[in-house]
Amino acid sequence: ELALKSLGNEGLFLFSSLDTNNDLYLSPEEFKPIAEKLTGVSPIPEFEEEETPDPDGETLSVVAKFQPLVMETMTKSKDGFLGISHVALSGLRNWTAPAAPMSVLLARQFKAFLPPKNKQDLGDPWWIIPSELNIFTGYLSNNRFYPPPPKGKEIIIHRLLSMFHPRPFVKTRFAPQGAVACIQAISTFYYTIAFRIHAEFQLNEPPDFPFWFSPGQFTGHIVLSKDSSHVREFKLFVPNNRSLNVDMEWLYGASESSNMEVDIGYLPQMELESTGPSIPSVIRDENGNVIDSRVSSGEPIQFVFEEITWQQEIPWEEAAQKLEVAMYPFKKVSYLPFTQAFERAKAEKKLVHSILLWGALDDHKPSACLPVPGSGRTLRETVLESSPILALLNESFISSWSLVKELEELQNNRENEFYSKLADLHLEKYNFPVEMIICLPNGTVVHHINANYFLDITSMKPEDVESNIFSFSTNFEDPSTATYLQFLKEGLQRAKPYLQ
């Protein structure tokens, strides 16, 4: 109360965002971001001091490619951003180019991507940065502006993401956090490593309120030698194959419980790519003497690299799917694209288990779970990854998830009347934010339930549930799993007359 009286709401909000250990005292380390902002002097970050440059080591040139978010794809753009202050979106609007269009990195820094000794098989995932959050731990504070100093394997990922924006958070506020990787290909001296990273950016600084920018995922691959002395190629990017791929959240008050705006949008390009293989920073002759890196004509020496012969490899799609399942165990069930799911269901004479959302189900961003905290996230972290549900879905259903925006586009596309009708039947049943739908291969909906209602009834005592649509089973301790299982079984029962 004394702090609030002394500082006011806004002052206490800023103070709290810097007071990372909540002891109502700003240590020099906690005050450093503001000192750097006021003085304009940024000392060399500590994490760079941890690197020990090898004068003979190779260097890799990486370029950043960035196209800003398409503002018209934001939901709020439909009413001209009515009621949203220009200041709130200033960090987003001003971010039009990468912070560092090019960077030269030491090849050895990419050692963090090498597999541990017990992960030498193709497609066997491991965590580069482990996820420390789950449905029970909750999520990290929204009231932050500056990332904590990266440590260990976080350093190279922080360095790479800093090419896009100066304030990347390599550990997201929501689960699943971190970075996961697997071997995609093996040769005598090289690996191709596929990876997936969940990270986000803070676009605003004091005195403005926080604005979080959370791409659905970063993915990519690296080809590097087994001793990490040489990187043949590197690419990292945000997938842009869906109509929405970024979640945004911004606070409107001076406390953790302040009102928060949420929106989603489309980012056309966010990409890092090496310009070529890593090259020696120093060139020596056969006697070990340093020689000029340019030939007599003044042109740089052209390096010739041996061709890599891969002895074992798996397709990129398979590697990406392995990483997805590591992040999201519920993806042990295949979730097909919307129209493909109905074609498969017809061929296999199964029902379609469909999840329709405002935001993506398999990106780390939380938009799928608002406004009720956790609906989409709770689904994927509890019922959808429970063994009984996985077994029944694999046995009797073809699963799919879709964005509302994508089905609205399909609904309005009259080139294929059948697909348009499928989308129409789904959207008729949709209620914000998440709707679970069971339907026949022809699109007829036989059962559906809204995620918010589902969470409401599963959080109540069985005797307090007025509706008899769902019944609780004593076979499973978790009422959510029991109720979702009942939902699926009732869908199967209602569909029997149509499938015979």
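Each value, and the rule that gives it
- Residues numbered from 1 in each chain as written.
- Predicted model: local features only at pLDDT ≥ 70, side-chain atom pairs only at ≥ 80, totals over all residues.
- Heavy atoms only, no water.
- Core = buried A, V, L, I, M, F, W, Y, C linked by side-chain atoms within 4.5 Å.
- Buried < 20%, exposed > 50% of the residue type's maximum accessible area, 1.4 Å probe, protein only.
- Domains from an automatic or database assignment.
- Pairing = 2+ DSSP bridges.
- Helix = DSSP H or I, 4+ residues; strand = E, 2+ residues; numbered from the N terminus.
- Axes fitted to C-alpha atoms, helices over the stretch in contact; angles between N-to-C directions.
- Parallel < 35°, antiparallel > 145°, perpendicular 65-115°, else oblique.
- Left-handed = near helix turned anticlockwise from the far one by under 90°.
- Contact = heavy atoms within 4.5 Å.
- Nonpolar A, V, L, I, M, F, W, Y, C, P; charged D, E, K, R; others polar.

An unreviewed UniProt entry lists the protein under the name Selenoprotein N, with Apaloderma vittatum given as the organism.

Draft legend 1. Summary view of the nonpolar core. Membership of the largest hydrophobic core comes to 60 residues, with the highest contact counts inside it found for Ile-355, Leu-379, Met-436, Tyr-484 and Leu-488. No fewer than three residues from each of domain 2 (58-281 + 301-323) and domain 3 (328-498) sit in this core. Phe-81, Ile-84, Ile-156 and Leu-161 belong to the second-largest nonpolar core, a separate cluster that totals 55 residues.

Draft legend 2. Broad picture of the sheet that holds strand β4 (residues 168-169). Read across the open sheet, the five strands follow the order β4-β7-β8-β11-β12; overall the sheet is antiparallel. Lying at the two open borders of the sheet, with one neighbouring strand each, are β4 and β12 (260-265). In this structure, β4 lies alongside strand β7 (residues 200-202), joined through two bridges in antiparallel fashion. Bridge pairing in β7 places Pro-168 opposite Phe-201.

Draft legend 3. Layout of the environment of Val-282. As for its placement among the helices and strands, Val-282 is situated in the loop between β14 (279-280) and β15 (283-284). Linking Val-282 and Asp-56, residues 226 residues apart in sequence, is a C-alpha distance of 5.5 Å.

Draft legend 4. Expanded view of the environment of His-158. With respect to the secondary-structure elements, His-158 resides in helix α5 (residues 154-161). Owing to a relative accessible area of 9%, His-158 belongs among the buried residues under this scheme. For the pair His-158 and Lys-171, spaced 13 residues apart in sequence, the C-alpha separation works out to 9.8 Å.

Draft legend 5. Region of the structure containing the packing of helix α12 (residues 451-458) against helix α13 (residues 479-499). Close contact between α12 and α13 brings their axes to 9 Å; oriented N to C, the two are set at 125 degrees. In this view, α12 runs oblique relative to α13, as classed from their interaxial angle. When the axes of α12 and α13 are compared, the crossing they make is right-handed. Side by side, α12 and α13 meet where Phe-454, Ile-457 and Thr-458 of the first sit next to Pro-479, Ser-480, Thr-483 and Tyr-484 of the second. Broken down by class, the residue content of the contact of α12 with α13 amounts to four nonpolar, three polar and no charged.

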